[in-house]
Amino acid sequence: MNRPVNFSAGPSAIPLEVLQALAADMLNYKGTGLSLIEVSHRGKTYEEVHNQALSLVRELLKVPESHSVLLIGGGATLQFSMLPMNLCPPNGCADYVRSGVWADKAIAEAGKIGRVNILWDGKENGYTALPTPAAIKASPNSCYLHITSNETIGGVQWKSFPEAAVLAADMSSDIFTRPIDVSQFGLIYAGAQKNFGPAGVTLVIIRNNLLKHSPDSLPSYLSYAVHAKANSLYNTPPVFSIWAMKLVLENLKAKGGIEAAEKRNTAKAAELYRAIDESNGFYLSPVQKEARSPMNIVWRLADENREAEFLKKAAEAGLEGLKGHRSVGGCRASLYNAVTLDGVKKLTAFMKQFEDAS
Ligand SMILES: *Cc1c(COP(=O)(O)O)cnc(C)c1O
């Protein structure tokens, strides 16, 4: 089978070994005679998978005892609302950094729940840069300070983070791709479909002393305290997604964990940015160098009229998912954990060939 190299932004590439393991166990899970996705989520077979997924998160991210690990449905999008609903009392105010399209969506949702204070706004400059962490100061009495560690559409990434009493981060597009110090954060959330599995499950890591803020009046599913108390089994969890997530994390661990993943990701990003920078302006990166994301690399052709042709020929050459987000156009390659350096080299070779033929 000749699979294309998959540069999709999300859902996105999953290690082939994981897809094969899922296929092999789909009909008869470990000799039980049934599929894992047709048995009780309260039974021993599923419970083991569930708890292994949770403990792999703890192990790989070195989550301290002070923090709880939750698995919830609804995507990162539901977290845009759950965060203010749980951590900001009526009349409270939360700080946000508007670093891109995703931060902007988080701000819009938080604004429906309470007051939002924008500490820094990158919109006017087309979201091509980030502030220095030291320039971001939480306002007095804010419930939390929200950042987006990696902007998937604009292609900017924080290299280090601002300080705040409660720092909350949307890490949907770069969690498990580089080491982080979880103790720096009050709350982290991330949908699985960029770096650790299929869509359907969202990871939330929350400092235990924040769980008391979840109001009793909240609908149960929307309460972090309810999910924490139930070990993320308050209701039927997304069992397939959690099973696949467990396999992806085992695969990551077997390949040397997050430190090794970061080395691979750095090499992949260097390869592609080099191809852009050394094209004598044939390809252009709009992103300020210090803020460049190694995960989502965006570029334009100097001759924008040729982008459609570039994308079409790339797809014919087995390079999939390179179209920029519909809101910005251009090209984007998402180099998540499951994309290999070999795959990136196929792309840079194609780019050079396209350039030379022009
Ligand atoms: C993909 C993405 C989201 C949205 O995730 P859903 O699971 O579709 O809700 C939010 N934030 C960032 C940074 C993303 O990359």
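This text goes with the structure placed above it.
The structure presented is a predicted model; accordingly, all values stated were derived computationally and were not measured.

### Quick look at the overall build of the protein
Here is step 1 of the chain: Across its full length, the protein holds 9 helices and 14 strands.
Here is step 2 of the chain: Compactness check: the protein gives a C-alpha radius of gyration of 21 Å against a globular reference of 21 Å for 358 residues, within 12% of the reference.
Here is step 3 of the chain: Dimensions of the protein along its principal axes, counting C-alpha atoms only, are 65 × 55 × 30 Å.
Here is step 4 of the chain: Restricting the contact set of the protein to residue pairs at least 6 apart, pairs at least 24 apart contribute 66%.
Here is step 5 of the chain: Total accessible area on the protein is roughly 15,900 Å²; 53% of this is exposed by carbon and sulfur atoms.
Here is step 6 of the chain: For the protein, the distance from the average site of its 37 positive side-chain charges to the average site of its 34 negative ones is 2 Å.

### So, the site of the ligand
Here is step 1 of the chain: Around the ligand sit 13 residues in total, of which Thr77, Thr152, Asp170, Gln193 and Lys194 are the nearest.
Here is step 2 of the chain: The contact in question runs from an oxygen atom of the ligand to an N or O atom on the side chain of Thr77, over 2.5 Å.
Here is step 3 of the chain: Separating a nitrogen atom of the ligand from a side-chain N or O atom of Asp170 is a distance of 2.6 Å.
Here is step 4 of the chain: Relative to its free-state accessible area of 390 Å², the ligand is covered by the protein chains to the extent of 87%.
Here is step 5 of the chain: With 4 residues, helix α3 (residues 75-87) is the largest single contributor of residues to the shell around the ligand.
Here is step 6 of the chain: Looking at side-chain class alone, the shell around the ligand contains 3 nonpolar, 8 polar and 2 charged residues.

### Section: the sheet that holds strand β5 (residues 145-148)
Pairing between the strands of a sheet is mediated by backbone hydrogen bonds and can be parallel or antiparallel.
Here is step 1 of the chain: In spatial order, the strands read β2-β10-β9-β8-β5-β3-β4; together these 7 strands make up an open sheet with mixed pairing. Two strands bound the open sheet, and with one partner strand each, they are β2 (67-72) and β4 (115-121). The average angle at which neighbouring strand axes cross in this sheet is 20°, direction not considered.
Here is step 2 of the chain: Of the strand pairs in this sheet, β5 and strand β8 (residues 167-170) are connected by 4 bridges, and their pairing is parallel. Bridge assignment links Ile147 to a residue of β8, and that residue is Ala169.
Here is step 3 of the chain: Strands β2 and β10 (202-207) of the sheet are contacted by helix α2 (residues 44-61), whose axis makes an angle of about 130° with β2.

### What to know about the layout of surface pockets
Here is step 1 of the chain: Computed from the structure, the largest pocket encloses a volume of approximately 730 Å³.
Here is step 2 of the chain: Ile14, Pro15, Ala338, Val339 and Thr340 are, among the 34 residues lining the largest pocket, the residues nearest its centre.
Here is step 3 of the chain: Elements with a minimum of two residues in the lining of the largest pocket: β1 (5-6), α1 (16-25), α6 (239-254), α7 (257-277) and α9 (341-356).
Here is step 4 of the chain: Of the residues assigned to the lining of the largest pocket, the class counts are 16 nonpolar, 9 polar and 9 charged.
Here is step 5 of the chain: Structurally, the lining of the largest pocket is a two-domain feature, drawing no fewer than three residues from each of domain 1 (16-254) and domain 2 (258-356).

### Thoughts on the nonpolar core
Here is step 1 of the chain: If you look at the biggest cluster of nonpolar residues, it comprises 54 residues, and the most contacted ones within it are Val57, Leu61, Ile175, Phe176, Phe196, Leu203 and Leu249.
Here is step 2 of the chain: Here the element with the most residues in this core is α6; it accounts for 9 residues.
Here is step 3 of the chain: Viewed by domain, this core spans two of them, domain 1 (16-254) and domain 2 (258-356), each represented by three or more residues.
Here is step 4 of the chain: If sequence neighbours within four positions are ignored, Phe196 has contacts with Ile175, Phe176, Ala190, Gly191, Leu203, Met245, Val248 and Leu249.
Here is step 5 of the chain: Counting 26 residues, the second-largest nonpolar core is a separate cluster that includes Ala314, Leu319, Ala333 and Val339.

Cut-off values and rules
- Residues numbered from 1 in each chain as written.
- Predicted model: local features only at pLDDT ≥ 70, side-chain atom pairs only at ≥ 80, totals over all residues.
- Heavy atoms only, no water.
- Helix = DSSP H or I, 4+ residues; strand = E, 2+ residues; numbered from the N terminus.
- Rg over C-alpha atoms; globule rule 2.2 N^0.38 Å.
- Contact = heavy atoms within 4.5 Å.
- Areas by Shrake-Rupley, 256 points an atom, 1.4 Å probe, with all protein chains shown as cover.
- Lys, Arg positive; Asp, Glu negative; His and termini not counted.
- Charge placed at Lys NZ, Arg CZ, Asp CG, Glu CD.
- Near = heavy atom within 4 Å.
- Polar contact = N/O pair within 3.5 Å; in protein donor to acceptor, adjacent residues only side chain to side chain.
- Nonpolar A, V, L, I, M, F, W, Y, C, P; charged D, E, K, R; others polar.
- Pairing = 2+ DSSP bridges.
- Axes fitted to C-alpha atoms, helices over the stretch in contact; angles between N-to-C directions.
- 1 Å grid on protein atoms, 1.4 Å probe; cavity = no way out; pocket = protein on both sides within 12 Å on 5 of 7 lines; lining within 4 Å.
- Points joined across faces, edges and corners; volume = space filled by probe spheres on them.
- Domains from an automatic or database assignment.
- Core = buried A, V, L, I, M, F, W, Y, C linked by side-chain atoms within 4.5 Å.
- Buried < 20%, exposed > 50% of the residue type's maximum accessible area, 1.4 Å probe, protein only.

These figures capture arrangement, not role.
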